[in-house]
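# Geometric and topological summary
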Amino acid sequence: MLTISQGAIADEKEYALKAGFLFNFARYGEWSHHTNTASSFTLCSPDTSFISVSRSILNGRKVNNLPIENVEVSLTEKNLEQCNILFITTDTLESWQQLDNKHLADVMIVGETDNFIEQGGHIRFFLSGGKIRFEVSPEKLKLSGITMSSKVLRLGRVVNN
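Quick notes on the rules
Residues numbered from 1 in each chain as written. Predicted model: local features only at pLDDT ≥ 70, side-chain atom pairs only at ≥ 80, totals over all residues. Heavy atoms only, no water. Phe/Tyr/Trp six-rings, centres within 6.5 Å; stacked < 30°, edge-to-face > 60°. Helix = DSSP H or I, 4+ residues; strand = E, 2+ residues; numbered from the N terminus. Buried < 20%, exposed > 50% of the residue type's maximum accessible area, 1.4 Å probe, protein only. 1 Å grid on protein atoms, 1.4 Å probe; cavity = no way out; pocket = protein on both sides within 12 Å on 5 of 7 lines; lining within 4 Å. Points joined across faces, edges and corners; volume = space filled by probe spheres on them. Nonpolar A, V, L, I, M, F, W, Y, C, P; charged D, E, K, R; others polar. Disulfide = S-S within 2.5 Å.

Counting across every chain of the model gives ten aromatic pairs. Plain terms: the ring middles of Phe-21 and Phe-125 are 5.5 Å apart, the flat faces sit at 65° to each other, and that makes the pair edge-to-face. Remark: Phe-125 occurs in strand S7 (residues 123-128) and Phe-21 occurs in helix H1 (residues 6-28); sequence separation between them is 104 residues. Assessed through its relative accessible area of 23%, Phe-21 is described here as partly exposed. Ring centres of Phe-25 and Phe-134 lie 5.0 Å apart, and the angle between their planes is 70°; this geometry places the pair in the edge-to-face category. Here Phe-134 lies in strand S8 (residues 131-136) and Phe-25 lies in helix H1, a separation of 109 residues in the sequence. Take Phe-25 and Phe-134: they sit in the same class, and that class is buried.

Now the structure itself:
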């Protein structure tokens, strides 16, 4: 008999919601250097559990007519070049912190831990009133060549650092 803990189910639901947010960030973000020859939009994370949930939730979805590819990556600069969005979970933060160059051109970097934006990220998820919310640094996104629609910025908390 397979037993699944309540915590694992809660984590899976939270990851499903966050995958949905990432899909909308992709839909309403604009990558200045995205090539017209790209064959997919790539969502990356070093977290196996998140990628598994994301593959299930975003299966068949497209961004700008490109299929979404969910890729589990190791955190090396070379591996991250393929990513359009990189999601750093709490479980993978320590590996992220060991990466020397956190400035990645044309990669939207999203995390879920305190002070993630100060640590080099662009968007951070947080819980408020039992709901998932986000804060975003439009300035840091712009430095990476990405702009976010005002439709999304209105829904989050804008931070300038």
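There's plenty left to go through after this.
In this section: empty space enclosed by the protein. Scanning the model with the defined rule gives one cavity of 30 Å³ or more in all. What the largest cavity holds in volume is close to 40 Å³. Lining the largest cavity are Leu-22, Phe-23, Ala-26, Phe-41, Leu-43, Leu-58, Val-63, Ile-68 and Ile-85. Going through the elements one at a time, H1 and strand S2 (41-45) are the ones with two or more residues in the lining of the largest cavity. Class assignment for the residues of the lining of the largest cavity results in nine nonpolar, no polar and no charged.

In this structure the tally under the stated criterion is one disulfide. Between the sulfur of Cys-44 and that of Cys-83 lies a disulfide, 2.1 Å long from S to S. Disulfide Cys-44-Cys-83: torsion about the S-S bond near -105°, hence left-handed. In this pair, Cys-44 is assigned in strand S2 and Cys-83 in the loop between helix H3 (77-80) and strand S5 (85-88), connecting sequence segments 39 residues apart. According to the relative accessible area criterion, Cys-44 is buried, its value standing at 0%. According to the relative accessible area criterion, Cys-83 is buried, its value standing at 3%.

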